[in-house]
Amino acid sequence: KKVVQEREDLKAEIKRLKEELNAVILAHNYQLEEIQEVADFVGDSLELAIKAGESDADVIVFCGVKFMAEMAKIISPQKTVLIPRPDARCPLADFATPEKVRELRERYPDAPVVAYVNTYADVKAVSDVVCTSANAPQIVRALDAKRVIFLPDENLASWVQEQVPDKEVIPYRGFCYVHHVIKPEVVKRLKETNSDAIVIAHPETRPEVRELAHVVASTGGMVRYVREHPEHKKFIIVTEREMTVRLKRDFPDREFIPVPGAICSNMKKTTLADLHRSLTDMAFEVVLPEEIIRSARRAIKNMFKLMNHPLAEKM
């Protein structure tokens, strides 16, 4: 009882500080339930990037991993961007370095570099355009090139290749450990024991896992699919565990089955106490060199241009 009360007090204090600072709290779909509950917006990388650009808040508090907070800073360099856990890195983003991107450019001079949002600012700065799992095929399709370098996720690259067969997608050899370790036999077993369930898989999963899915979608796409198909009552969600928490909160009348062991430890680092400390002490601010912001901003703006999104005009 005491623990519950302390938690509610902490939530109330976070709300008070947020209003006092004119702050907005953005949380990724993979964040802990307690963080999702206090966030102003919960979404996937693309949705949160758009919210960061559209928000009139003075302070953006990003509950996610480092590259997401960097993205918010690049889109809104005039705002203060805080990340409650600066040690929340992304092992997928860690695969890509500016040096390796330059090497690929030399090897394939005719291929533009498409950087998945799961990259750090210095990698975006040496790329031509950014994409998310929600819009990757659209971005690659829209580029005036016969082949593209796609980094850093080889599984997402293979999915984009399937969606855009008339172009050559040159993959970078990286992967998301959470999605990469999901075995097809585990998904098969879940399907066998839940024959009435729709399987939705993230495009970062391996091709043999995606083949077992009825739908392949980003986390934002998963939310949309469930919303648009009220006739389906049960879903196997093949992505990070906390996505089922988000879906259950939005659709309490449906059943969502997670994949055992699909947990991103970095996404679980941020707690209510971390968020409270971040707002109290204005910690930890995302600071990036101006040159990195300028170059990475160009790549992000190119994404919004190819999407015909109004944010392209604001950047």
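The coordinates are above.
Per chain, residues are indexed from 1 in the order of the written sequence. Predicted model: local features are reported for residues with pLDDT of at least 70 only, side-chain atom pairs are reported and counted for 80 or more only, and whole-chain, interface and lining totals are derived from all residues. The side-chain values count all of the structure's non-hydrogen atoms but skip hydrogen atoms and water molecules.

**Student:** Would you mind going over helix H1 (residues 2–21) with me for this structure?
**Tutor:** Since one α-helical turn is 3.6 residues long, residues separated by three or four positions face the same way. Helix length check: H1, at 20 residues, gives a terminal C-alpha distance of 29 Å against a target of 28 Å (1.5 Å per residue), a fit within 8%. Each residue is assigned to one of three classes by its accessible area relative to the maximum for its type, calculated with a 1.4 Å probe on protein chains only: buried under 20%, partly exposed between the two thresholds, exposed over 50%. For the purposes of this entry, the term helix denotes a DSSP run of H or I that reaches at least four residues, the term strand denotes a run of E that reaches at least two, and both are numbered from the N terminus. Within the span of H1, buried status applies to Lys-11, Ile-14, Leu-17 and Lys-18. Seen end-on, H1 carries its buried residues on one side only, within an arc spanning 130°. In H1, the exposed residues that point more than 90 degrees away from the buried face are Lys-2, Glu-19 and Glu-20. Residue contacts are defined here by distance: any two heavy atoms, one from each residue, within 4.5 Å place the two residues in contact. Against strand S1 (23–28), helix H2 (33–38) and helix H15 (272–281) lie the buried residues of H1. Just beyond H1, the residue with positive phi is Asn-22, at close to 50°. How far a helix is expected to stretch is found by multiplying one less than its residue total by 1.5 Å. What the arc describes is the spread of directions from the helix axis to the C-beta atoms.

**Student:** Could you clarify how one ought to interpret the packing of helix H4 (residues 66–75) against helix H16 (residues 290–306) in this entry?
**Tutor:** Relative orientation and spacing of two packed helices are given, respectively, by the angle between their axes and the distance between those axes. Across the interface, H4 lies against H16 with an axial gap of 9 Å and an inter-helix angle of 90°. With respect to H16, the element H4 is oriented roughly perpendicular. Only Ile-293, Ala-296, Arg-297, Ile-300, Met-303 and Phe-304 of H16 make contact with H4, whose side of the interface consists of Met-71, Lys-73, Ile-74 and Ile-75. In this count, Pro and Cys sit with the nonpolar residues alongside Ala, Val, Leu, Ile, Met, Phe, Trp and Tyr, while Asp, Glu, Lys and Arg are called charged and the others, Gly among them, polar. For the contact of H4 with H16, the class distribution of residues is 8 nonpolar, no polar and 2 charged. Here the axes come from fitting lines to C-alpha atoms, over the contacting stretch only for helices, and the angles between their N-to-C directions go from 0 to 180 degrees. In these notes the angle categories are as follows: under 35 degrees is roughly parallel, over 145 is roughly antiparallel, 65 to 115 is roughly perpendicular, and the rest is oblique.

**Student:** I keep staring at the sheet that holds strand S10 (residues 215–216) and nothing clicks. Help me out?
**Tutor:** Strand-to-strand pairing in sheets goes through backbone hydrogen bonds, with the strands running parallel or antiparallel. Spatial ordering of the open sheet is given by S10-S9-S11-S12, a layout of 4 strands whose pairing is parallel. Two strands in the sheet have a free side with no partner beyond their single neighbour: S10 and strand S12 (255–258). Where helix H13 (residues 219–228) meets the sheet, it contacts strand S9 (198–201), S10, strand S11 (234–238) and S12, and its direction lies at approximately 155° from that of S9. Sheet contacts for helix H14 (residues 243–250): S11 and S12; angle to S12, the most-contacted strand, approximately 175°. Two strands make a pair as long as DSSP finds a minimum of two bridges between them.

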